[in-house]
Amino acid sequence: MTSTPGSAGPTAAPTPPRSEEPMRVRRFSRAERWVHRTTAALMLLCIATAAALYVPQLAELVGRRHLVVTVHQWSGLLLPVPFLLGLASRAFRADLRRLNRFAPYDSRWLRAVRRREHGPQARPAGKFNAGQKIYAAWIAGATLVMLGTGLLMWFTGLTPLVWRTSATFVHDWLSLGVGIVVAGHIAMALADPEARRGMRTGWVERQWSRDHHPRWPADE
């Protein structure tokens, strides 16, 4: 039996190429996206119905004031529900801890914003930057105050008149502040398509995460 030339030599299998780094990274879980969407829908419903109640031109256009009041009350009452249900998600709880932790580099981020400095070195941020942390804290506190004052206005027989009058004053002016802040939040989201993609699909480009959240890996 004759062997073909080279048959006696070792037949080494080709070495597979080293896997490249994934182009995308996971930013939000499905539960987190669900909490954000439902909370946003309820918040926008509260703002829209409040505008229909307090702006005369919109009130005349919409009409059916009793229905608008009912929708406003129940959408406000349901506003904390997505958050409470989201606590069952480990990823959601982990991000809450990140939002609740103000790191030393967050102060640098705020100073850079004030000085209009840009870039990963000027604006260091973990998974969430300082602006997002402040917004989350503010909107959570405002929601609780709005819920409390709204309940005082809803159940009129439970508190004295002076309490209801004060609650109405706080509720009305804070609702205006919430509307302005939420409008700013939407405007910033519209200016960053990749951030919107992260909330829509759960994934973002790795290069975007390095540019906008350079301390994200260390923040895990």
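Parameters and conventions
Residues numbered from 1 in each chain as written. Predicted model: local features only at pLDDT ≥ 70, side-chain atom pairs only at ≥ 80, totals over all residues. Heavy atoms only, no water. Helix = DSSP H or I, 4+ residues; strand = E, 2+ residues; numbered from the N terminus. Buried < 20%, exposed > 50% of the residue type's maximum accessible area, 1.4 Å probe, protein only. Contact = heavy atoms within 4.5 Å. Areas by Shrake-Rupley, 256 points an atom, 1.4 Å probe, with all protein chains shown as cover. Axes fitted to C-alpha atoms, helices over the stretch in contact; angles between N-to-C directions. Parallel < 35°, antiparallel > 145°, perpendicular 65-115°, else oblique. Left-handed = near helix turned anticlockwise from the far one by under 90°. Nonpolar A, V, L, I, M, F, W, Y, C, P; charged D, E, K, R; others polar. Phe/Tyr/Trp six-rings, centres within 6.5 Å; stacked < 30°, edge-to-face > 60°. Lys NZ or Arg CZ within 6 Å of the ring centre and 35° of its normal. Expected span 1.5 Å × (residues − 1). Arc of directions from axis to C-beta. pLDDT = per-residue confidence, 0-100. Salt bridge = Lys/Arg side-chain N within 4 Å of Asp/Glu carboxyl O.

(A) How the structure looks around the overall build of the chain. Counting its regular elements, the chain contains 10 helices and 2 strands. Buried positions account for 28% of the 220 residues belonging to the chain. For the chain, restricting intrachain contacts to residue pairs at least 6 apart in sequence, the fraction spanning at least 24 positions comes to 69%. Here the chain has roughly 14800 Å² of accessible surface; of this, 66% comes from carbon and sulfur atoms.

(B) Structural context of the packing of helix H1 (residues 30-54) against helix H8 (residues 161-190). Contact geometry of H1 with H8 gives a least axis separation of 11 Å together with a crossing angle of 130°. One way to sum up the angle between H1 and H8 is to call them oblique. Seen along the crossing, H1 lies across H8 with a hand that is left-handed. Contacts from His36, Met43, Leu44, Ile47 and Tyr54 in H1 reach Asp172, Val178, Gly179, Val182, His185 and Ile186 in H8. Of the residues that constitute the contact of H1 with H8, the class distribution is 7 nonpolar, 3 polar and 1 charged.

(C) Highlighting the packing of aromatic side chains. Scanning the model with the defined rule gives 4 aromatic pairs in all. Summarising the aromatic geometry, the rings of phenylalanine 83 and phenylalanine 92 are spaced 5.7 Å apart at their centres and angled 75° between planes, so their arrangement reads as edge-to-face. A relative accessible area of 36% means that phenylalanine 83 is categorised as partly exposed. Site record: aromatic cluster; members linked through ring pairs are Trp74, Trp154 and Phe155. Directly above the ring of tryptophan 216 sits arginine 27, whose terminal nitrogen or CZ lies 5.0 Å from the centroid. Positioned above the aromatic ring of tryptophan 109 is the side chain of arginine 123, whose terminal nitrogen or guanidinium carbon lies 5.8 Å from the ring centre.

(D) Geometry of helix H3 (residues 65-78). Between its terminal C-alpha atoms H3 stretches 20 Å, which fits the 20 Å expected from 14 residues at 1.5 Å a residue. Taken residue by residue, H3 has Val68, His72 and Ser75 as its buried positions. The buried residues of H3 all sit within an arc of 75° when viewed along its axis, so they share a single face.

(E) Broad picture of the confidence of the model for the chain. On average, residues of the chain score 87 in pLDDT, and 89% of them are at 70 or above. Per-element confidence in the chain ranges from a low mean pLDDT of 81 for helix H2 (residues 56-62) to a high of 96 for helix H4 (residues 81-86).

(F) Focus on the pattern of salt bridges. In the structure shown here, the tally under the stated rule is 7 salt bridges. Here aspartate 106 ties to lysine 133 by a salt bridge, and the two come within 2.7 Å at their closest N and O atoms. With aspartate 106 in helix H6 (residues 104-115) and lysine 133 in helix H7 (residues 130-154), this pair connects stretches of sequence that are 27 residues apart. Across the pair, exposure class does not vary: aspartate 106 and lysine 133 are buried alike. With a shortest N-O distance of 3.5 Å, arginine 197 and glutamate 194 are connected by a salt bridge.

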